[in-house]
Amino acid sequence: RDKPPDELVFAGQGEPLMRMRVLQEAAASLRDAQMLRMRVSTNGLVPSSNGASVARALESSGVSAVSVALATADAEQYIELMQPEQLRLTPVHSLELGLPDVTDFVRACVAAGLEVECNVVEAPGVDVEKARELALELGASFRPRSWHA
């Protein structure tokens, strides 16, 4: 017999934090209905200046956990692996996001009381142990994911 689900994960084709208002509304509705434990799976590319407010908004909406794609402990390698697009703020001003923004977001989520897991794909050239150390320093748990060439 199938066991009923015990967790809802906001994830999928795209970045769930790009639709923050919709995510908050859905999570709050589920929280109010006392439904499932809720987790967001994200790349964590939140501008450092917004990390704390996003983390607090997730927590107040009923989200209890966040999985963040840390990718690596090396800032240059992060850009190479994740290829983040610039965040266009105005027609003439863009913001380049990278590993420092991700680590700041992880810290903010931990400070907001969320359960945080950082994950890294065991890709060639990625120092998984350094990534583990970084995740633990940030107050998060760590989960390596296997690499299939």
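Here's a quick rundown of the structure. Since the structure is predicted, the reported quantities are computational estimates derived from the model, not experimental observations.

1. Some words on the overall build of the protein
Of the regular secondary structure elements, the protein holds five helices and seven strands. In the protein, the succession of α and β elements from N to C terminus is β-α-β-α-β-α-β-β-α-β-α-β. Contacts in the protein between residues far apart in sequence, at least 24 positions, make up 73% of those at least 6 positions apart. When the accessible surface of the protein is totalled, it reaches about 9000 Å², and 50% of it is carbon and sulfur.

2. Let's talk about the pattern of salt bridges
Taken as a whole and assessed by the stated rule, the structure comprises five salt bridges. The partner of D104 in a salt bridge is R107, and the shortest N-O contact between them spans 3.0 Å. In this pair, D104 and R107 are both assigned in helix α4 (residues 99–111), three residues apart and thus about one turn of the helix distant. Using a relative accessible area of 42% as the deciding quantity, one classes R107 as partly exposed.

3. Structural notes on the pairing of strand β2 (residues 37–42)
Two faces belong to every sheet, and in a regular strand the side chains alternate between them. For strand β1 (residues 7–10) and β2, the ladder comprises four bridges, and the chain directions are parallel. Bridging across to β2, V9 finds its partner in R39. Direction of pairing for β2 relative to strand β3 (residues 65–69): parallel, over a ladder of four bridges. Bridge pairing in β3 places T42 opposite V68. Traced from β2 through helix α2 (residues 51–61) to β3, the parallel crossover comes out right-handed.

4. Description of the sheet that holds β3
The five strands lie next to each other as β1-β2-β3-β6-β7, forming an open sheet whose pairing is parallel. With partners counted over all chains shown, the strands left at the sheet margins are β1 and β7 (141–145), one partner each. Across the sheet, the axes of successive neighbouring strands diverge by a mean angle of 25 degrees, strand direction being ignored. Where β3 meets strand β6 (residues 115–121), five bridges bridge the pair, whose relative direction is parallel. Following the sheet pairing, V68 is matched in β6 by C118. Contacts from α4 reach β2, β3 and β6, with the element oriented near 165 degrees to β3.

5. Let's talk about the packing of α2 against α4
The interhelical angle for the contact between α2 and α4, taken along N-to-C directions, is 40 degrees, at an axis separation of 8 Å. In terms of orientation, α2 lies oblique with respect to α4. Of the two elements, α2 crosses α4, and the hand of that crossing is right-handed. On α4, the residues that touch G51, A52, V54, A55 and L58 of α2 are F105, A108 and C109. Taken together, the residues that form the contact of α2 with α4 break down as seven nonpolar, one polar and no charged.

The rules behind each value
- Residues numbered from 1 in each chain as written.
- Predicted model: local features only at pLDDT ≥ 70, side-chain atom pairs only at ≥ 80, totals over all residues.
- Heavy atoms only, no water.
- Helix = DSSP H or I, 4+ residues; strand = E, 2+ residues; numbered from the N terminus.
- Contact = heavy atoms within 4.5 Å.
- Areas by Shrake-Rupley, 256 points an atom, 1.4 Å probe, with all protein chains shown as cover.
- Salt bridge = Lys/Arg side-chain N within 4 Å of Asp/Glu carboxyl O.
- Buried < 20%, exposed > 50% of the residue type's maximum accessible area, 1.4 Å probe, protein only.
- Pairing = 2+ DSSP bridges.
- Right-handed = clockwise from strand over helix to strand, strands pointing away.
- Axes fitted to C-alpha atoms, helices over the stretch in contact; angles between N-to-C directions.
- Parallel < 35°, antiparallel > 145°, perpendicular 65-115°, else oblique.
- Left-handed = near helix turned anticlockwise from the far one by under 90°.
- Nonpolar A, V, L, I, M, F, W, Y, C, P; charged D, E, K, R; others polar.

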